[in-house]
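# Chain and residue survey
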There are 2 protein chains.
Amino acid sequence: MASEEGAGVAARQQQQSVEWFKYSKRVVLRSIVCREDKGLGLVGERVVVGGWVRSRKEKAGKGVSVSRVPILEAPTAAQDGTCCESLVTRVPILRLIKRILMVKDGAADQRPAAEPAKSEPVVAYLRINDGSCLADLQIAVDSSMSLPGQVMSIGTSVLVEGVLEKIPLPRKHVVQLKVEKILHVGIVDLKKYPLADRKSSLEFLRAYPHLRPRTSIVASVTRIRNILSYGTHRFFQNNGFLYVHMPIITTTDSRVCGKMFHVTTLFSKSDDREKLMTTDDHEGINLEVVKAAIREKSSRIEELKRSDSNREALLDAQRDLQKANKLALQLEKRQKSTSLRVEGVNFTNDFFSRPAFLSLSTRLHLESYACALSSVYTFGPVFQADDSQSPRHLAEMWMVEVELAFAELEDAINCVEDYLKFLCQSILENCSKDIKFLSKHMDKDCIDRLKSVGSSSFARITYAEALEILKQVKDQTFETKVEQGLSEEHESYLADKIYKRPVIIYKHPKEVKPFYMHVRDDGKTVSSFDIIVPKAGVLLRGSQMEERIDMITKRIQELGLPQEQYDWYLDLRRHGTVKHSGFSLVFEKMVMFATGLDDIRDTIAFPRTHGSANA
Amino acid sequence: MASEEGAGVAARQQQQSVEWFKYSKRVVLRSIVCREDKGLGLVGERVVVGGWVRSRKEKAGKGVSVSRVPILEAPTAAQDGTCCESLVTRVPILRLIKRILMVKDGAADQRPAAEPAKSEPVVAYLRINDGSCLADLQIAVDSSMSLPGQVMSIGTSVLVEGVLEKIPLPRKHVVQLKVEKILHVGIVDLKKYPLADRKSSLEFLRAYPHLRPRTSIVASVTRIRNILSYGTHRFFQNNGFLYVHMPIITTTDSRVCGKMFHVTTLFSKSDDREKLMTTDDHEGINLEVVKAAIREKSSRIEELKRSDSNREALLDAQRDLQKANKLALQLEKRQKSTSLRVEGVNFTNDFFSRPAFLSLSTRLHLESYACALSSVYTFGPVFQADDSQSPRHLAEMWMVEVELAFAELEDAINCVEDYLKFLCQSILENCSKDIKFLSKHMDKDCIDRLKSVGSSSFARITYAEALEILKQVKDQTFETKVEQGLSEEHESYLADKIYKRPVIIYKHPKEVKPFYMHVRDDGKTVSSFDIIVPKAGVLLRGSQMEERIDMITKRIQELGLPQEQYDWYLDLRRHGTVKHSGFSLVFEKMVMFATGLDDIRDTIAFPRTHGSANA
């Protein structure tokens, strides 16, 4: 399209030419409406655009505004097929019939729209959006070519061809598409469409996780989440970390750290199901008793053979011995399988031949890669079978976990700070419009919050200092007393009310932290840290890990944990151990912090919580 | 460190200065040995480096090579703590004692190393690696400062400070580090270390998923996998796709498509476990019978009240009625819960109050985001509870899934081709040394394969054509006959033997593909495609999805699938449907293809297969 007449001209032409999307025969809306000139340089260009109708209004040909058309019931005839290809535009007679039908149907509506005089052509102005950016593109569809007005209600999909033109009285938008050809329309079954009302609450939308990305707010959150995900990869890749995928299914039972889901195939095989609940040897038959009986019978047989007196008795005894041997074999087999029975369930026949769980965290596994490749991170789902209904709790979350070899607590904290600053900066740079929209509709502070994290350092206090500060608080009654130790409630109070910015609490008493954290020289505290942010609460937890085999073994014993479970993990200390540190960030908490959303269920596409897992 | 004396000097100095890693007080090995000058420009610089010992040899002070020192048993004294801090280097008397002890212990070995004359200082040359690249760095440790030689065996971790110097007779390496201070040593418990033999097979290593990243081969695979992951994100982000996280736990039962894992908390609660297997109403008590009894008792009571003859009988009847009412209530409750009983298991008390599974694929869920935001992709784990022991099968895999709205089959195929070419190019650009190493030790063809995919187009044949071609094959006996339809075995043959490059097979008969694929005008085939590559077999499967509500409903009915399961999914066709296409790539297959690995279990950190899930 562009001829080569020097760099300046080429640049200008580049500016003017339309960018067709490589993998669909259309132009992505962002490349029109998000240009610096808002698309003005593209006026006169012929494009194909697609999207879903966000709003519509109609105007009579002579410029009389007919006001926003209310959403009407779709005529039943149209419900037969939701996908009306552009047949109508190609066959004038059909178009005519449709128009007549439409007027008839429209008359049946309870709140009739001002009906334009039949001689005047009516132009429908539809705002469509394809998800590539927050802004819509206005398309102008002449009623002489469009399908019945009602069909083009909110949620309808369209693929149209036309020419970009200047809007006569530009306000927010400066260009629109004058539609010349309708290539595709996917109507909405209005009787069933739950998103017809544009003002649905987030709570209402949660019942429709498969449809809610069509709303501006959920689309904005999705774009911000995307930038946070990609920003995570960019930050760690730029700093030489390797991304490794850690296991979702684990046989390391970490139920002391939280409630875990079992992963099983026992429900699927009917023959296994019968064996599922068999508990210990019923009828009190004991292998030792049977073995004693075998010994007794054997010597009895020998005796009978010697005496040669009673042939019948010998045969009986031999039969008894056979039976006893068979029983012993059965019991031995059962005993073997009993060792794989946990809490009364027999896992011998399960998929992995032993209990398997969904990971609560993959940091232990990640350490094995840090203790070989030095700087590693993972980004994957983790699970918690907690029956909490808190707006900050999900059963399925995504977690960014990082592990650094040859690194102490301070190194991990520095890494976290840089990472979080990078994320905040990424959003401000790449999602400025989405974040403005959210600050208007969700949380007016979210831009300031992002800016302040990007520019200022975090407050750093020890656990003991945090306790002291909270003991002074008089204007707040906490559910649990500060004296009993810090709870999430206390931690949030520090970030929300006292510091009003992220707070790093470090050096916890070892009793409140897991066994694998590095015990400090005082023998009482561990090299741990938590980062608490306003709005989302505990964003991440990190620590230096215990690298000394004797110390970590002692901790496992102190806590009474099953040491054989952690044998593989202790190998990392037995062989070539190094100081290493890392952290786990709950990604949805970061999305909450960035967007200002109040409920974590709105930060992820298909939220899973206790009693609820739609689709 | 660099003074500003003009751009040329600055650039040279930049070249000379050492790059300290921001999050640990050391220099990453890659920034030394992977420079264009192999580190020559850094000679004279003081650095701290860390890593794990890959190999070692010793030389007497006058340059007499003492040959590679065999791996000896670590002296028992050193096993007390694996983490010997640099105490010894600081206390000369201790150092002396240690040296004497060491010589004594060394003498006990079965294969004694040539013992250097006691007056000559011995220098140990250790090759260490920190995972940042394939190449090792040689460090020279004077025996007068080092810990006993045996302790520094393969797998030992070290953190050392010293000065970079030229190697007198440079071969592969041109610089080494002359160690001046040992900051940390993490010894190896040789009695237990399984990786002491450097020539372990991949099969052997599989038993130690937590240690195997310390081998060159698994480290190389990890770096390549990292580049493939990041390349995936870069490709889709550069092309305007949004990354969305799809659910891992799903309540959409897709067991017709493959075996699924159940996710449950029923094993965790002892009281629920008792209810777990309760089947239908025992004792044959039927709600209808009880209701009839209630009616009978009620009228009896009325009668007794009217007659006023028998007070005792009235009280009895009233008690009976109470009991019957209670029973009816219980039965109603049970009946309600029975509806949540699947295959005899009662899921009412399970975490989500109904059966929940691990996703086999998230494409259906992803469609909901494509039908709102147009171009989306996801990258997450999927699960298949298949008891296959094939070297191409995992129970837990990572999958890249892509969905494009306003796109037909051709668009998705074009997108895949570009994506795969981009990945191959990324590896050649970013992992050239790793891939050379693999081509030497694993599969000599892997570089050629990557280059050819990067530069040539894929073969494209229809399913019918593939059948015809395979029917002509005479030199191969297939396990299943071609006449019965294509199996993975046939498909691999096409890529491995006939085309010797990736093959796209498209337009399958609808019977062999799932219900959601777009039925073509012939009514018999669907708009599907599979990509088969040499080495890994079926790499990905894609299709245009069925956008017509009537057609997809008909398919669901034809196949007898539970329509209510898919009601949410059908909403995408009811409301604003569009043509859309996409694909699912099994990421581990891509790693196999790129690295030439024969067994899929070596492509992922912690492989999960039937009967096996270590750690």
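The structure displayed is predicted, hence computed values, not measured ones.

Helix and strand counts for chain A come out as 18 helices and 19 strands. When burial is assessed residue by residue, chain A has 56% of its 615 residues classed as buried. Accessible surface, chain A as shown: approximately 27000 Å² in total, 51% of it carbon and sulfur.

Bringing helix α10 (residues 363–373) of chain A into the picture now. All names here are of chain A. Taken across its 11 residues, α10 has 11 buried, putting it largely inside the fold. Burial in α10 covers these residues: Arg363, Leu364, His365, Leu366, Glu367, Ser368, Tyr369, Ala370, Cys371, Ala372 and Leu373. Looking at the residues trailing α10, positive phi occurs at Ser374, about 70 degrees.

The full count for this structure, using the stated rule, is 54 aromatic pairs over all chains. When the centroid spacing of 5.1 Å and the interplanar angle of 75 degrees are considered together, the rings of Phe236(B) and Phe241(B) count as edge-to-face. Overall, Phe241(B) belongs to the buried group, its relative accessible area being 1%. Pairwise contacts between aromatic rings join Phe21(A), Tyr23(A), Phe235(B), Phe236(B), Phe241(B), Tyr243(B), Tyr377(B), Tyr419(B), Phe422(B) and Phe583(B) into one cluster. Sitting over the face of the ring of Tyr125(B), Lys59(B) holds its NZ or CZ atom 5.3 Å from the ring centroid. It is Arg573(B) that lies over the ring of Tyr569(B); its NZ or CZ is 4.3 Å from the centre.

We now examine the relation of the copies chain A and chain B. For these two chains of identical sequence, chain A goes onto chain B by a turn of 180 degrees and a shift of 0.2 Å along the axis, with RMSD 0.4 Å. Seen this way, the second copy is the image of the first under a two-fold rotation axis. Proximity to the rotation axis, assessed at the C-alpha, singles out Val263(A) in chain A; its C-alpha lies 2.5 Å from the axis. Here 99% of the contact residues of chain A are again contact residues in chain B; the copies associate through an equivalent surface.

Time to look at the confidence of the model for chain A. All names here are of chain A. Scored by pLDDT, chain A comes out at a mean of 84, with 82% of its residues at no less than 70. Within the model, the stretch residues 1–13 combines pLDDT values under 50 with 4 contacts to residues more than four positions away or in other chains. The low-confidence segment residues 271–275, where pLDDT is below 50, has 11 contacts with residues more than four positions distant or belonging to other chains. Two numbers describe this predicted complex: its pTM, 0.83, and its ipTM, 0.83.

It is worth spelling out the sheet that holds strand β15 (residues 459–462) of chain A at this point. Strand pairing in a sheet relies on backbone hydrogen bonds. The paired strands run either parallel or antiparallel. Residues and elements named next belong to chain A. Judged by pairing direction, the sheet is mixed, and its 8 strands sit side by side in the order β7-β13-β14-β19-β18-β17-β16-β15 without closing on themselves. The two strands at the open ends of the sheet, each matched to only one other strand, are β7 (242–243) and β15. Taken together, the 9 bridges between strand β13 (residues 375–383) and strand β14 (residues 396–405) define a ladder with antiparallel strand orientation. Of the residues in β14, the one forming a bridge with Gly380 is Met399. Of the strands in this sheet, β15, β16 (503–509), β17 (525–533) and β18 (537–544) are in contact with helix α15 (residues 488–499), which crosses β17 at around 55 degrees. In this fold helix α18 (residues 587–595) packs onto β13, β14, β17, β18 and β19 (580–586), with an angle of close to 60 degrees to the strand it touches most, β19.

Residue and element names in this part refer to chain A. The residue Glu401 is located in strand β14 in this model. For Glu401, which is buried and forms no salt bridge, the nearest opposite charge comes from Arg363, at a distance of 5.5 Å. For Glu401, the side chain forms a polar contact with the side chain of Ser584, separated by 2.6 Å.

All names here are of chain B. Among the 15 residues in strand β1 (residues 46–60), 12 count as buried, and that is most of the element. Here β1 runs beside strand β6 (residues 157–166); their pairing, made up of 7 bridges, is antiparallel. Looking across to β6, one finds that Arg46 is bridged to Val163. Sheet topology note: the β1/strand β4 (residues 122–129) ladder contains 8 bridges and is antiparallel.

This part is about the interface of chain A and chain B. On the chain B side, the residues contacting the 132 residues of chain A number 131 residues. For the pair chain A and chain B, the two sides together bury roughly 10800 Å², of which 62% comes from carbon and sulfur. Here chain A and chain B share 4 salt bridges between them. For Lys22(A), the salt bridge is made with Asp418(B), and the minimal N-O distance between the two is 3.4 Å. Taken together, the links from chain A to chain B amount to 56 residue pairs in polar contact (both at pLDDT 80 or more). Residues belonging to the side of chain A that touches chain B are distributed by class as follows: 61 nonpolar, 44 polar and 27 charged. One ladder, built from 3 bridges, connects strand β9 (residues 262–264) of chain A with strand β10 (residues 262–264) of chain B; its direction is antiparallel. Within β10(B), the position partnered with Val263(A) by the bridge is Val263(B).

Moving on: a positive patch on the surface. All names here are of chain A. Where like charges cluster on the molecular surface, the positive patch consists of Lys38, Lys172, Lys433, Lys436, Lys440 and Lys451. The biggest single contributor to the positive patch is helix α12 (residues 432–441), with 3 residues. Considering the arrangement of structural elements, one finds Lys433 in helix α12.

Turning our eyes to something else, we now look at the sheet that holds strand β14 (residues 375–383) of chain B. Residues and elements named next belong to chain B. Spatially, the 8 strands line up as an open sheet ordered β8-β14-β15-β20-β19-β18-β17-β16, and their pairing is mixed. Of all strands in the sheet, those bounded by a partner on one side alone are β8 (242–243) and β16 (459–462). As judged from the 6 bridges shared by strand β17 (residues 503–509) and strand β18 (residues 525–533), these two strands associate in the antiparallel manner. The residue of β18 that forms the bridge with Pro509 is Thr525. Most of the contacts of helix α15 (residues 488–499) go to β18, to which it runs at about 55 degrees, and overall it touches β16, β17, β18 and β19 (537–544).

Let us now look at the environment of Asn238(B). Residues and elements named next belong to chain B. Topologically, Asn238 is positioned in helix α6 (residues 216–238). By relative accessible area, which is 55% here, Asn238 ends up exposed. Distance from Asn238 to Glu465, taken between C-alpha atoms, is 35 Å for residues 227 residues apart in sequence.

All right, on to the pattern of salt bridges then. Residues and elements named next belong to chain B. What the rule picks out here adds up to 66 salt bridges over all chains. Residue Arg460 pairs with Glu417 through a salt bridge whose shortest N-O separation is 3.0 Å. Separated by 43 residues along the polypeptide, Arg460 in strand β16 and Glu417 in helix α11 (residues 409–430) bring together distant segments of the chain. Judged by relative accessible area, which is 31%, Arg460 ranks as partly exposed.

This part is about the packing of α6(B) against helix α18 (residues 587–595) of chain B. Residues and elements named next belong to chain B. Packing of α6 against α18 brings their axes to within 10 Å, and their N-to-C directions diverge by 125 degrees. The angle between α6 and α18 places the two elements in the oblique class. Where α6 crosses over α18, the two elements pack in a sense that is right-handed. Each of Val221, Ile224, Arg225, Leu228, Ser229 and Thr232 in α6 lies in contact with α18, whose residues at this interface are Phe587, Glu588, Met590, Val591, Ala594 and Thr595. A per-class count over the contact of α6 with α18 returns 7 nonpolar, 3 polar and 2 charged.

Annotation from UniProt places "domain: Aminoacyl-tRNA synthetase class II (D/K/N)" (unreviewed entry) at residues 348–609 of chain A. Spanning residues 348–609 of chain A, this segment combines 39% helix with 21% strand, and its end C-alpha atoms are found 30 Å apart.

On to unusual backbone geometry, then. All names here are of chain B. In this structure, Ser353 is a non-glycine residue whose phi angle is positive, near 60 degrees. Turning to its location among the elements, Ser353 is positioned in the loop between β12 (345–346) and β13 (357–358). When its relative accessible area of 31% is taken as the criterion, Ser353 is described as partly exposed. Although it is not a glycine, Lys507 sits at a positive phi angle of roughly 60 degrees. Structurally, Lys507 can be placed in strand β17. What makes Lys507 partly exposed here is its relative accessible area of 29%.

Time to look at the packing of helix α14 (residues 463–471) of chain A against α15(A). Residues and elements named next belong to chain A. α15 packs onto α14 with a crossing angle of 70 degrees between their chain directions and a minimal axis gap of 11 Å. One element, α14, and the other, α15, form an angle in the roughly perpendicular class. Regarding α14 and α15, the two cross each other, and that crossing is left-handed. Counted together, Ala466, Ile469 and Leu470 of α14 and His490, Tyr493, Leu494, Ile498 and Tyr499 of α15 form the full contact between these two elements. In the contact of α14 with α15, the residues fall into 7 nonpolar, 1 polar and no charged.

Scoring rules and cut-offs
- Going along each chain's sequence as written, the residues are numbered from 1 onward.
- Throughout, the order in which chains and ligands are written sets their labels, letters from A for the former and numbers from 1 for the latter.
- Per-residue local features of the predicted model are confined to residues with pLDDT of at least 70, and side-chain atom pairs are confined, for both listing and counting, to 80 or more; whole-chain, interface and lining totals are unaffected and use all residues.
- Hydrogens and water molecules were not included; the side-chain quantities draw on all heavy atoms of the structure.
- By definition, any uninterrupted DSSP run of H or I lasting at least four residues is a helix, any uninterrupted run of E lasting at least two residues is a strand, and each is numbered from the N terminus.
- Classification of residues uses two cut-offs on accessible area relative to the type maximum, computed with a 1.4 Å probe and protein chains only: under 20% is buried, over 50% is exposed, and between them is partly exposed.
- Accessible surface area values rest on a Shrake-Rupley calculation with a 1.4 Å probe, where residue burial reflects the displayed protein chains alone.
- Think of it this way: a Phe, Tyr or Trp ring, Trp meaning its six-membered ring, pairs with another when their centres are within 6.5 Å, and the plane angle makes it stacked under 30 degrees, edge-to-face over 60, tilted otherwise.
- Remark: a charge is flagged as sitting over a ring if the NZ atom of Lys or the CZ atom of Arg is within 6 Å of the ring centre and within 35 degrees of the ring normal.
- Residues reaching a pLDDT of at least 70 in both copies supply the C-alpha atoms on which the copies are superposed by least squares.
- Any two residues having at least one pair of non-hydrogen atoms within 4.5 Å are treated as being in contact.
- Values of pLDDT, which run from 0 to 100, indicate the predictor's confidence residue by residue.
- When DSSP finds two or more bridges between two strands, those strands count as paired.
- The axes used here are C-alpha line fits, helices contributing only the stretch in contact, and every angle between their N-to-C directions lies in the interval 0 to 180 degrees.
- Residues scored as charged are limited to Lys and Arg (positive) and Asp and Glu (negative), so that His and the chain ends carry no count.
- Take a side-chain nitrogen of Lys or Arg and a carboxyl oxygen of Asp or Glu: if they are within 4 Å of each other, that pair is a salt bridge.
- Contacts described as polar in this section are N or O atom pairs within 3.5 Å, which, within protein, must combine one atom able to donate a hydrogen with one able to accept it, while residues neighboring in sequence count only if both atoms come from side chains.
- Joining two parts hides part of their accessible area as seen by a 1.4 Å probe, and the buried area is that hidden amount summed over both.
- The residue classification treats Ala, Val, Leu, Ile, Met, Phe, Trp, Tyr, Cys and Pro as nonpolar and Asp, Glu, Lys and Arg as charged. All others, Gly included, are polar.
- Patch membership needs two things, relative accessible area over 30% and no salt bridge, and members are linked within 9 Å if like-charged or within 5 Å if nonpolar (Val, Leu, Ile, Met, Phe, Trp, Tyr).
- A charged residue contributes its charge at one atom only: NZ of Lys, CZ of Arg, CG of Asp or CD of Glu.
- Just so you know how the angles are binned, under 35 degrees is roughly parallel, over 145 roughly antiparallel, 65 to 115 roughly perpendicular, and the rest oblique.
- Crossings are sorted by hand: turned counterclockwise from the far helix by less than a right angle, the near helix makes the crossing left-handed, and turned clockwise it makes it right-handed.
- UniProt positions are given in the numbering used here, feature names are shortened, and annotations may be inferred rather than shown by experiment.

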